[in-house]
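Listed below are the residues making up each chain.
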Amino acid sequence: MHHFHYQSGELYCENVPVRKIAAKVGTPFYLYSAGTLTHHYRVFNAAFAEFPHIVCFAVKANANLSILRLFARLGAGADIVSGGELYRALAAGVDPGKIVYSGVGKKPEEIKAALKANILLFNLESSQELEEINRIAGRLKLKARVALRINPDIDAQTHPYISTGLKKNKFGIDIEQALDDYCRARDLPHLDVVGVACHIGSQITQVSPFVDALERLKELIDRLRALDIQIRYLDLGGGLGIQYHDEAPPHPDEYGQQLLERLKGLKCTLILEPGRVLVGNAGILVTKVLYTKPGGAKHFIIVDAGMNDLARPSLYGSYHGLWPVVEGAHPQVKASIVGPICESGDFLAKDRLMPAFAPGEMVAVMSAGAYGFSMSSNYNARPRVPEILVQDQDFYVIRKRETYRQLIWGESIPDFLKS
Ligand SMILES: *Cc1c(COP(=O)(O)O)cnc(C)c1O
């Protein structure tokens, strides 16, 4: 369910015509619906209502301060993977008592900042990281609450770049080795070992991989309790998929039900780290057609947004729906939508049947709320695009378009090059 719809042939986000926003801010821009974000959070959260739980929004999916703030006000925590994301989450007013910190490469300064902020939980991904966090916590005379992120060796049946729970992936601690590491962690004086965590991948469209992972972690929890390691938090990560095209991902209710069924009687707090499922279909990228090249072997539609603005098609070959901002009598053509970047991999859609968009027309690239802006870059010296949030009849610029001055911020020319 989302709030992008047509009214008299025009695309609206909630009660604002997209064209009106484009006239104000120019193209390209990201556009989010506050109503959709709120709805998605509430549905997801309600699916776990019967069990003590914390929903920690995965900041990397969409790190805009207003989006983090919106979720925080609804009661969400945050799943962070860097010091920068910690900074963003705190700046947005996320309760540190609901922040979990994942990632294989946490640096000493980042660990220190998170300890000082008194976050809820560090998800540790290697034996060496145990020692490092223990050492830093000791210096600060603190105890770090930690979970071990387990690699349960589960095939999430998703794109290889976003599969994270297989033995061959860099993530987590091999489940075979976990007991050893738990015992070592228990004996380290500045660690408080309170959790078990996993995250098996992203854009997962079946419940069964989650269920399999949960079963493995439950076994581990039993064995840990037998060793008198009391597990208070079970973090099942994120990864629930959304519909981009013809996928049929489970509804959050279904996902919640199947997990809760298997959690009955387990005394702990469940942590979930949804990213994509909360924001993916709550955002679009609006771009304008500059030129078309209809004649040759291929029909190209050249737009003003490129792979630097939305990397997913180039990176994963992923599909995004394409909707006209103003409906017209478009014949269908087989075409590719490409950007201005000097790379052949710069496309938003490839060899697809689509409306024959003409120069000057605007196209909404759908389902772009997750891993859209947050993965964007300045490649080809392109300023990053603005982000707009709609609520009902109003829209707000929640991030301005970057300027050329900002593009060269922090750069300097050394003296020997000046003369
Ligand atoms: C990326 C990530 C998530 C969020 O994944 P989604 O597929 O967007 O739900 C959650 N937890 C961790 C550790 C991650 O790396």
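Treat the numbers as computed from the prediction; the structure is a model and nothing was measured.

Enquirer: Please clarify how the site of the ligand should be interpreted in this entry.
Expert: Around the ligand there are 14 residues in total, and Lys60, Ser202, Glu273, Arg276 and Tyr371 lie nearest to it. The backbone of Arg276 places a nitrogen or oxygen atom 2.8 Å from an oxygen atom of the ligand. Here the ligand loses 95% of its free accessible area of 380 Å² to cover by the protein chains. In this structure, the ligand is accommodated by the largest pocket.

Enquirer: Whenever I open this one, the packing of aromatic side chains confuses me. Can you help?
Expert: Where two aromatic rings form a pair, the distance of their centres and the angle of their planes describe that pair. Evaluated as defined, the whole model comprises 10 aromatic pairs. A ring pair is formed by Tyr30 and Tyr32, whose centres lie 6.3 Å apart and whose planes are at 15°; its orientation type is stacked. This pair shows no difference in class: Tyr30 is buried, exactly as Tyr32 is. With a centroid separation of 4.7 Å and an interplanar angle of 50°, the aromatic rings of Phe57 and Phe71 are classed as tilted. Residue Phe57 is found in strand S5 (residues 53–58), and its partner Phe71 is found in helix H3 (residues 65–73); the two are separated by 14 residues along the sequence. Take Phe57: its relative accessible area is 1%, and that puts it in the buried class. Overall, the relative accessible area of 1% leaves Phe71 in the buried class. Members of the aromatic cluster, joined through ring pairs, are Phe44, Phe48, Phe210 and Tyr255.

Enquirer: Help me understand the environment of Gly97, please; the structure alone is not making it clear to me.
Expert: Note that Gly97 resides in the loop between helix H4 (83–91) and strand S7 (99–101). What makes Gly97 partly exposed here is its relative accessible area of 35%. Sequence separation between Gly97 and Asn62 is 35 residues, and the spatial gap between their C-alpha atoms is 21 Å. Leaving out residues up to four positions away in the same chain, Gly97 has contacts with Asn118 and Leu120.

Enquirer: How do you make sense of helix H6 (residues 127–139) when you look at a structure like this?
Expert: Given 3.6 residues per helical turn, the α-helix brings residues three or four places apart onto the same face. Taking 1.5 Å as the rise per residue, H6 with 13 residues should run 18 Å; its terminal C-alpha atoms sit 19 Å apart, in good agreement. Three or more residues of H6 are buried, namely Ser127, Glu129, Leu130, Ile133, Asn134, Ile136 and Ala137. Along its buried surface, H6 packs onto helix H5 (108–116), strand S8 (121–124), strand S9 (144–151), helix H7 (178–186) and strand S11 (191–197). Of the residues flanking the end of H6, it is Lys141, one or two places downstream, whose phi is positive at about 55°.

Enquirer: I'm lost on the pattern of salt bridges in this one. Help?
Expert: Charged atoms that come close allow side chains of opposite charge to pair. Within the structure shown, the criterion is met by 15 salt bridges. Residues Glu131 and Arg184 are paired through a salt bridge, measuring 2.3 Å at the closest nitrogen-oxygen approach. Pair noted here: Glu131 is in helix H6 and Arg184 is in helix H7, with a separation of 53 residues, a long-range link. On the basis of relative accessibility, which here comes to 36%, the residue Glu131 falls in the partly exposed class. When the shortest N-O distance is used, the salt bridge between Glu215 and Lys218 registers 3.9 Å. Here Lys218 and Glu215 lie together in helix H8 (residues 208–226), a separation of three residues that amounts to about one turn. The partly exposed category is assigned to Lys218, whose relative accessible area is 23%. Connected through salt bridges with shared partners, the residues Glu215, Lys218, Glu261 and Arg262 form a single ionic network.

Enquirer: Explanation requested: a nonpolar patch on the surface in the structure shown.
Expert: Among the surface-exposed residues, Tyr161, Leu315 and Met375 lie close enough to one another that they form a single nonpolar patch of about 300 Å² accessible area. As for its placement among the helices and strands, Leu315 is situated in helix H11 (residues 312–316).

Enquirer: Got a minute to help me understand the layout of surface pockets in this structure?
Expert: Rolled over the atoms, a probe sized like a water molecule indicates the empty space that remains. A volume near 560 Å³ is recorded for the largest pocket. What lines the largest pocket is a set of 33 residues, and nearest its centre among them are Lys60, Val81, Thr164, Phe171 and His199. Taken together, the residues of the lining of the largest pocket sort by class into 14 nonpolar, 10 polar and nine charged. The residue makeup of the lining of the largest pocket includes at least three contributed by each of domain 1 (4–31 + 280–407) and domain 2 (95–274).

Enquirer: Explain the sheet that holds strand S2 (residues 10–13) here, please?
Expert: Paired through their backbone hydrogen bonds, the strands of a sheet run either parallel or antiparallel. As summarised here, the arrangement of the three strands in space is S1-S2-S3, forming an open sheet in which the pairing is antiparallel. The sheet is open, and its two edges are formed by strand S1 (4–7) and strand S3 (16–17), each paired on a single side. Where S2 lies against S3, two bridges are found, and the strand directions are antiparallel. For Tyr12, the partnering residue across the bridge sits in S3 and is Pro17.

Enquirer: What am I meant to see in H8 here?
Expert: End to end, H8 covers 27 Å across 19 residues, agreeing with the expected 27 Å (1.5 Å per residue, within 8%). Among the residues of H8, those classed as buried are Pro209, Phe210, Val211, Ala213, Leu214, Leu217, Leu220, Ile221 and Leu224. The inward-facing, buried residues of H8 contact S9, H7, S11, strand S12 (233–235) and helix H9 (252–261). At the C-terminal side of H8, Asp228 shows a positive phi close to 65°.

Enquirer: Quick question: what am I supposed to make of the domain arrangement of the protein chain here?
Expert: Buried accessible area, meaning the area lost when the parts come together, often serves as the stated size of an interface. Looking at the assigned domains, one finds that the protein chain contains domain 1 (4–31 + 280–407) and domain 2 (95–274). In this structure, domain 1 and domain 2 have C-alpha centres spaced 35 Å apart. Taken together, the contact between domain 1 and domain 2 spans 10 residues of the former and eight residues of the latter. Both sides together, the interface formed by domain 1 and domain 2 hides about 770 Å², and carbon and sulfur atoms give 59% of it. When the buried surface of domain 1 facing domain 2 is broken down by residue, Asn281, Tyr316 and Tyr319 rank first, second and third, together holding 59% of it. Linking domain 1 with domain 2 are one residue pair in polar contact (both at pLDDT 80 or more).

Criteria and thresholds
- Residues numbered from 1 in each chain as written.
- Predicted model: local features only at pLDDT ≥ 70, side-chain atom pairs only at ≥ 80, totals over all residues.
- Heavy atoms only, no water.
- Near = heavy atom within 4 Å.
- Polar contact = N/O pair within 3.5 Å; in protein donor to acceptor, adjacent residues only side chain to side chain.
- Areas by Shrake-Rupley, 256 points an atom, 1.4 Å probe, with all protein chains shown as cover.
- 1 Å grid on protein atoms, 1.4 Å probe; cavity = no way out; pocket = protein on both sides within 12 Å on 5 of 7 lines; lining within 4 Å.
- Sits in = over half its atoms within 2 Å of the grid points.
- Phe/Tyr/Trp six-rings, centres within 6.5 Å; stacked < 30°, edge-to-face > 60°.
- Buried < 20%, exposed > 50% of the residue type's maximum accessible area, 1.4 Å probe, protein only.
- Helix = DSSP H or I, 4+ residues; strand = E, 2+ residues; numbered from the N terminus.
- Contact = heavy atoms within 4.5 Å.
- Expected span 1.5 Å × (residues − 1).
- Salt bridge = Lys/Arg side-chain N within 4 Å of Asp/Glu carboxyl O.
- Patch = residues over 30% accessible without salt bridge, like charges linked within 9 Å, V, L, I, M, F, W, Y side chains within 5 Å.
- Points joined across faces, edges and corners; volume = space filled by probe spheres on them.
- Nonpolar A, V, L, I, M, F, W, Y, C, P; charged D, E, K, R; others polar.
- Domains from an automatic or database assignment.
- Pairing = 2+ DSSP bridges.
- Buried area = accessible area lost by both parts, 1.4 Å probe.

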